[in-house]
Amino acid sequence: MSADLSPIDKAKYVAARRAVDFVESGMKLGLGTGSTAAWMVRCLAERVKDEGLKVLGVPTSRRTAELARELGVPITSMDDVKWLDLTIDGADEFDPNLNLIKGGGAALLQEKIVATASDRMIVIADAAKEVAQLGAFPLPVEVIAFGWQTTKALIEETLFSIDVLGRDVSLRMNKSKPVRTDENNFILDLSLKRIGNPRQLALVLNQIPGVVENGLFIDICDIVVIGHGDGRVSVRDINTGKVEDSSVEVAAADNIFADLD
(Lines give C-alpha, C1' and ligand atoms only; values in the text may rest on other atoms or scores of the structure.)
Protein backbone atom coordinates (compact mmCIF):
# COMPACT_ATOMS: atom_id res chain seq x y z
CA MET A 1 0.00 0.00 0.00
CA SER A 2 1.45 3.33 -1.01
CA ALA A 3 1.89 6.05 1.57
CA ASP A 4 0.99 8.56 -1.19
CA LEU A 5 -2.74 7.86 -1.03
CA SER A 6 -5.33 10.57 -1.51
CA PRO A 7 -7.08 11.61 1.74
CA ILE A 8 -10.26 9.71 0.78
CA ASP A 9 -8.35 6.51 -0.01
CA LYS A 10 -6.33 6.87 3.16
CA ALA A 11 -9.59 7.18 5.12
CA LYS A 12 -10.93 4.01 3.51
CA TYR A 13 -7.70 2.15 4.15
CA VAL A 14 -7.40 3.03 7.85
CA ALA A 15 -11.07 2.10 8.44
CA ALA A 16 -10.53 -1.25 6.72
CA ARG A 17 -7.30 -1.88 8.58
CA ARG A 18 -8.96 -1.21 11.95
CA ALA A 19 -12.00 -3.35 11.09
CA VAL A 20 -9.98 -6.48 10.37
CA ASP A 21 -8.65 -6.27 13.93
CA PHE A 22 -12.06 -7.66 14.94
CA VAL A 23 -11.42 -10.84 12.94
CA GLU A 24 -10.35 -13.89 14.93
CA SER A 25 -8.94 -17.16 13.65
CA GLY A 26 -11.64 -19.71 12.87
CA MET A 27 -14.25 -17.11 11.91
CA LYS A 28 -16.64 -17.39 9.01
CA LEU A 29 -16.80 -13.94 7.43
CA GLY A 30 -19.07 -12.04 5.07
CA LEU A 31 -16.89 -10.10 2.62
CA GLY A 32 -18.51 -6.92 1.36
CA THR A 33 -18.45 -5.26 -2.04
CA GLY A 34 -17.19 -1.85 -3.13
CA SER A 35 -14.08 0.29 -2.97
CA THR A 36 -13.84 0.38 0.82
CA ALA A 37 -14.58 -3.35 1.12
CA ALA A 38 -11.79 -4.00 -1.39
CA TRP A 39 -9.34 -2.41 1.05
CA MET A 40 -10.73 -4.70 3.75
CA VAL A 41 -10.16 -7.84 1.66
CA ARG A 42 -6.58 -6.78 1.06
CA CYS A 43 -5.97 -6.04 4.74
CA LEU A 44 -7.51 -9.41 5.60
CA ALA A 45 -5.27 -11.12 3.05
CA GLU A 46 -2.28 -9.49 4.69
CA ARG A 47 -3.21 -11.06 8.04
CA VAL A 48 -3.81 -14.44 6.38
CA LYS A 49 -0.39 -14.26 4.75
CA ASP A 50 1.64 -12.81 7.64
CA GLU A 51 -0.09 -14.30 10.70
CA GLY A 52 -1.49 -17.54 9.35
CA LEU A 53 -5.00 -16.34 10.22
CA LYS A 54 -7.55 -19.08 9.52
CA VAL A 55 -10.80 -17.69 8.10
CA LEU A 56 -13.46 -18.67 5.60
CA GLY A 57 -15.09 -15.89 3.60
CA VAL A 58 -18.45 -15.60 1.88
CA PRO A 59 -18.18 -12.95 -0.87
CA THR A 60 -21.16 -10.70 -1.61
CA SER A 61 -20.37 -10.36 -5.32
CA ARG A 62 -18.40 -11.97 -8.12
CA ARG A 63 -15.82 -9.19 -8.07
CA THR A 64 -15.19 -9.64 -4.33
CA ALA A 65 -14.85 -13.37 -4.89
CA GLU A 66 -12.29 -12.77 -7.64
CA LEU A 67 -10.26 -10.42 -5.45
CA ALA A 68 -10.31 -12.84 -2.50
CA ARG A 69 -9.13 -15.74 -4.68
CA GLU A 70 -6.40 -13.60 -6.19
CA LEU A 71 -5.08 -12.62 -2.74
CA GLY A 72 -5.36 -16.05 -1.13
CA VAL A 73 -8.35 -15.52 1.17
CA PRO A 74 -10.26 -18.83 1.38
CA ILE A 75 -13.90 -18.49 0.29
CA THR A 76 -17.02 -20.60 0.21
CA SER A 77 -20.74 -20.17 -0.49
CA MET A 78 -23.49 -18.99 1.82
CA ASP A 79 -25.30 -22.29 1.36
CA ASP A 80 -22.28 -24.19 2.63
CA VAL A 81 -21.86 -22.22 5.87
CA LYS A 82 -25.48 -21.07 6.44
CA TRP A 83 -24.48 -18.65 9.23
CA LEU A 84 -21.56 -16.28 9.77
CA ASP A 85 -19.67 -14.87 12.72
CA LEU A 86 -19.05 -11.45 11.21
CA THR A 87 -19.67 -9.42 8.07
CA ILE A 88 -17.51 -6.42 7.15
CA ASP A 89 -18.84 -4.18 4.41
CA GLY A 90 -19.01 -0.57 3.29
CA ALA A 91 -21.99 1.76 3.09
CA ASP A 92 -23.11 4.64 0.93
CA GLU A 93 -24.64 6.42 3.94
CA PHE A 94 -25.17 5.78 7.64
CA ASP A 95 -27.18 7.73 10.20
CA PRO A 96 -26.79 8.12 14.00
CA ASN A 97 -28.74 4.88 14.57
CA LEU A 98 -26.41 3.03 12.16
CA ASN A 99 -29.19 2.56 9.63
CA LEU A 100 -27.63 2.34 6.17
CA ILE A 101 -28.13 2.96 2.51
CA LYS A 102 -26.25 0.37 0.46
CA GLY A 103 -26.26 -0.76 -3.14
CA GLY A 104 -24.13 1.79 -4.93
CA GLY A 105 -22.13 -1.19 -6.19
CA ALA A 106 -25.30 -3.04 -7.29
CA ALA A 107 -24.70 -5.90 -4.82
CA LEU A 108 -27.35 -5.00 -2.24
CA LEU A 109 -29.28 -8.29 -2.37
CA GLN A 110 -26.35 -10.56 -1.59
CA GLU A 111 -24.99 -7.98 0.86
CA LYS A 112 -28.25 -7.94 2.82
CA ILE A 113 -28.58 -11.74 2.84
CA VAL A 114 -25.02 -12.14 4.12
CA ALA A 115 -25.24 -9.32 6.69
CA THR A 116 -28.55 -10.56 8.08
CA ALA A 117 -27.12 -14.07 8.46
CA SER A 118 -24.23 -12.81 10.65
CA ASP A 119 -23.85 -12.51 14.38
CA ARG A 120 -22.42 -9.02 13.85
CA MET A 121 -22.05 -6.55 11.01
CA ILE A 122 -19.25 -3.98 10.91
CA VAL A 123 -19.50 -1.13 8.45
CA ILE A 124 -16.33 0.58 7.27
CA ALA A 125 -16.64 4.09 5.86
CA ASP A 126 -14.96 7.41 5.43
CA ALA A 127 -16.34 10.33 7.43
CA ALA A 128 -18.23 11.75 4.42
CA LYS A 129 -20.68 8.81 4.56
CA GLU A 130 -22.10 9.95 7.91
CA VAL A 131 -25.39 11.86 7.62
CA ALA A 132 -27.95 13.19 10.09
CA GLN A 133 -30.76 11.67 8.02
CA LEU A 134 -30.66 9.13 5.19
CA GLY A 135 -31.59 10.05 1.64
CA ALA A 136 -28.95 12.29 0.07
CA PHE A 137 -27.50 9.21 -1.66
CA PRO A 138 -30.00 7.71 -4.13
CA LEU A 139 -31.67 4.62 -2.67
CA PRO A 140 -31.05 1.52 -4.84
CA VAL A 141 -33.94 -0.90 -5.34
CA GLU A 142 -33.32 -4.21 -7.10
CA VAL A 143 -36.17 -5.23 -9.40
CA ILE A 144 -36.70 -8.07 -11.83
CA ALA A 145 -36.33 -7.17 -15.49
CA PHE A 146 -39.80 -8.41 -16.45
CA GLY A 147 -42.23 -5.51 -16.23
CA TRP A 148 -39.67 -3.18 -14.69
CA GLN A 149 -41.44 -0.09 -16.02
CA THR A 150 -44.63 -1.17 -14.26
CA THR A 151 -42.64 -1.75 -11.07
CA LYS A 152 -41.12 1.72 -11.48
CA ALA A 153 -44.56 3.29 -11.85
CA LEU A 154 -45.83 1.48 -8.74
CA ILE A 155 -42.83 2.74 -6.76
CA GLU A 156 -43.41 6.30 -7.95
CA GLU A 157 -47.07 6.09 -6.95
CA THR A 158 -46.20 4.66 -3.55
CA LEU A 159 -43.70 7.44 -2.79
CA PHE A 160 -46.51 10.02 -2.69
CA SER A 161 -47.70 8.47 0.58
CA ILE A 162 -44.18 8.37 2.10
CA ASP A 163 -42.31 11.07 4.02
CA VAL A 164 -39.59 11.84 1.47
CA LEU A 165 -38.39 15.09 -0.07
CA GLY A 166 -37.79 13.89 -3.65
CA ARG A 167 -39.51 11.29 -5.81
CA ASP A 168 -37.36 10.83 -8.92
CA VAL A 169 -36.88 7.19 -9.95
CA SER A 170 -34.40 6.20 -12.67
CA LEU A 171 -33.11 2.98 -14.18
CA ARG A 172 -29.37 2.58 -13.53
CA MET A 173 -27.51 2.39 -16.82
CA ASN A 174 -24.06 1.26 -17.94
CA LYS A 175 -23.60 3.35 -21.08
CA SER A 176 -26.48 2.30 -23.33
CA LYS A 177 -27.58 -0.80 -21.39
CA PRO A 178 -29.24 -1.30 -18.00
CA VAL A 179 -26.93 -2.38 -15.18
CA ARG A 180 -27.43 -6.05 -14.36
CA THR A 181 -26.87 -7.42 -10.86
CA ASP A 182 -25.22 -10.77 -10.14
CA GLU A 183 -28.77 -12.20 -10.13
CA ASN A 184 -29.40 -10.60 -13.55
CA ASN A 185 -31.87 -8.06 -12.16
CA PHE A 186 -32.13 -4.30 -12.76
CA ILE A 187 -31.46 -1.46 -10.32
CA LEU A 188 -33.80 1.49 -9.87
CA ASP A 189 -32.25 4.49 -8.08
CA LEU A 190 -34.65 6.56 -5.98
CA SER A 191 -33.51 10.18 -5.55
CA LEU A 192 -35.37 10.97 -2.33
CA LYS A 193 -33.07 13.65 -0.82
CA ARG A 194 -34.45 12.96 2.65
CA ILE A 195 -36.09 9.81 4.08
CA GLY A 196 -38.30 10.66 7.05
CA ASN A 197 -39.07 7.07 8.10
CA PRO A 198 -36.56 4.55 6.70
CA ARG A 199 -38.17 1.57 8.42
CA GLN A 200 -41.59 2.30 6.91
CA LEU A 201 -40.13 2.87 3.46
CA ALA A 202 -38.18 -0.39 3.55
CA LEU A 203 -41.30 -2.36 4.44
CA VAL A 204 -43.50 -0.65 1.84
CA LEU A 205 -41.03 -1.03 -1.02
CA ASN A 206 -40.68 -4.78 -0.49
CA GLN A 207 -44.45 -5.23 -0.81
CA ILE A 208 -44.45 -3.94 -4.40
CA PRO A 209 -44.59 -6.70 -7.04
CA GLY A 210 -41.35 -6.86 -8.99
CA VAL A 211 -39.21 -5.50 -6.16
CA VAL A 212 -36.58 -8.02 -5.08
CA GLU A 213 -34.92 -5.99 -2.31
CA ASN A 214 -34.17 -2.41 -1.31
CA GLY A 215 -30.93 -0.82 -0.13
CA LEU A 216 -32.13 0.25 3.32
CA PHE A 217 -30.33 -1.77 6.01
CA ILE A 218 -32.32 -1.24 9.21
CA ASP A 219 -31.18 -2.68 12.58
CA ILE A 220 -28.49 -4.77 10.87
CA CYS A 221 -25.26 -2.86 11.51
CA ASP A 222 -23.69 -3.24 14.98
CA ILE A 223 -20.46 -1.27 14.63
CA VAL A 224 -19.26 1.45 12.29
CA VAL A 225 -15.56 2.12 11.79
CA ILE A 226 -15.02 5.64 10.44
CA GLY A 227 -11.72 6.51 8.78
CA HIS A 228 -10.27 9.99 8.31
CA GLY A 229 -7.74 11.27 5.82
CA ASP A 230 -5.18 11.98 8.55
CA GLY A 231 -5.17 8.35 9.78
CA ARG A 232 -7.60 8.80 12.66
CA VAL A 233 -10.21 6.08 13.21
CA SER A 234 -13.41 6.19 15.25
CA VAL A 235 -15.23 2.98 16.26
CA ARG A 236 -18.87 3.28 17.31
CA ASP A 237 -20.78 0.36 18.82
CA ILE A 238 -24.56 0.82 18.65
CA ASN A 239 -25.16 -1.93 21.22
CA THR A 240 -22.90 -0.61 23.98
CA GLY A 241 -22.95 3.05 23.06
CA LYS A 242 -19.15 3.16 23.24
CA VAL A 243 -17.00 5.29 20.95
CA GLU A 244 -13.27 4.55 20.66
CA ASP A 245 -10.80 6.79 18.85
CA SER A 246 -7.37 5.73 17.65
CA SER A 247 -5.04 6.14 14.69
CA VAL A 248 -3.62 3.77 12.09
CA GLU A 249 -0.14 4.13 10.65
CA VAL A 250 0.00 4.25 6.88
CA ALA A 251 3.02 2.09 6.05
CA ALA A 252 5.37 2.12 3.10
CA ALA A 253 4.63 0.30 -0.13
CA ASP A 254 3.58 -3.32 0.13
CA ASN A 255 2.99 -5.66 -2.81
CA ILE A 256 -0.34 -6.85 -1.50
CA PHE A 257 -1.77 -3.36 -2.00
CA ALA A 258 -0.41 -2.79 -5.49
CA ASP A 259 -2.76 -1.89 -8.33
CA LEU A 260 -5.85 -1.36 -6.16
CA ASP A 261 -8.54 0.42 -8.13
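In case you missed it, the structure is sitting above this.
This one's a predicted model, so the numbers in the text were calculated from it and none came from an experiment. (Residues numbered from 1 in each chain as written. Predicted model: local features only at pLDDT ≥ 70, side-chain atom pairs only at ≥ 80, totals over all residues. Heavy atoms only, no water.)

Trainee: Account for the overall build of the protein chain, with residues named and values stated.
Mentor: When helices and strands are counted, the protein chain shows seven helices and 16 strands. Computed over its C-alpha atoms, the radius of gyration of the protein chain comes to 18 Å, within 12% of the 18 Å expected for a compact globule of 261 residues. Expressed as lengths along the three principal axes of its C-alpha atoms, the size of the protein chain is roughly 55 × 35 × 35 Å. Across the 261 residues that make up the protein chain, the buried fraction comes to 54%. Sequence separation of 24 or more characterises 74% of the internal contacts of the protein chain that already satisfy a separation of 6 or more. In the form shown here, the protein chain has an accessible surface area of approximately 12,000 Å², with 49% of it arising from carbon and sulfur atoms. The averaged location of the 39 negative side-chain charges in the protein chain is 2 Å from the averaged location of its 29 positive side-chain charges. (Helix = DSSP H or I, 4+ residues; strand = E, 2+ residues; numbered from the N terminus. Rg over C-alpha atoms; globule rule 2.2 N^0.38 Å. Buried < 20%, exposed > 50% of the residue type's maximum accessible area, 1.4 Å probe, protein only. Contact = heavy atoms within 4.5 Å. Areas by Shrake-Rupley, 256 points an atom, 1.4 Å probe, with all protein chains shown as cover. Lys, Arg positive; Asp, Glu negative; His and termini not counted. Charge placed at Lys NZ, Arg CZ, Asp CG, Glu CD.)

Trainee: I'd love a proper account of helix H6 (residues 148-159), names of residues and values included.
Mentor: Side chains of residues three or four places apart in an α-helix project in the same direction, reflecting 3.6 residues per turn. With 12 residues, H6 extends 16 Å between its outermost C-alpha atoms, agreeing within 8% with the 16 Å of an ideal straight helix rising 1.5 Å per residue. Those residues of H6 not exposed but buried are Thr151, Lys152, Ile155, Thr158 and Leu159. The buried residues of H6 occupy an angular sector of 125° when the element is viewed end-on, so they sit on one face. In H6, those exposed residues whose orientation departs by more than 90 degrees from the buried face are Gln149, Thr150 and Glu157. (Expected span 1.5 Å × (residues − 1). Arc of directions from axis to C-beta.)

Trainee: Residues and numbers for the pattern of salt bridges, please.
Mentor: Across all of its chains, the model carries 15 salt bridges by this definition. A salt bridge links Asp219 to Arg199, with the nearest nitrogen and oxygen atoms 2.8 Å apart. In this pair, Asp219 sits in the loop between strand E13 (216-217) and strand E14 (223-227) while Arg199 sits in helix H7 (residues 198-205), placing the two residues 20 residues apart along the sequence. (Salt bridge = Lys/Arg side-chain N within 4 Å of Asp/Glu carboxyl O.)

Trainee: Help me get a handle on the side chain of Asp126, residues and values and all.
Mentor: Position of Asp126 among the secondary structure elements: in strand E6 (residues 118-126). Residue Asp126 is classed as buried on the basis of its relative accessible area of 2%. Non-local contacts of Asp126, meaning those with residues more than four positions away in its chain, are made with Ile8, Ala11, Lys12, Ile226 and Gly227.

Trainee: Please provide a residue-by-residue account of the state of the cysteines, values included.
Mentor: Evaluated as defined, the whole model comprises zero disulfides. Among the cysteines around Cys43, which has no disulfide bond, Cys221 carries the closest sulfur, lying 18 Å off. Its relative accessible area of 1% is what places Cys43 among the buried residues. The class for Cys221 is buried, based on a relative accessible area of 6%. (Disulfide = S-S within 2.5 Å.)

Trainee: Break down the sheet that holds E13 for me, with residues and values.
Mentor: The three strands are arranged E4-E5-E13 in an open sheet whose pairing can be described as antiparallel. Of all strands in the sheet, those bounded by a partner on one side alone are strand E4 (93-94) and E13. Where E4 lies against strand E5 (residues 100-101), two bridges are found, and the strand directions are antiparallel. Opposite Phe94, over in E5, you have Leu100 as the bridge partner. (Pairing = 2+ DSSP bridges.)

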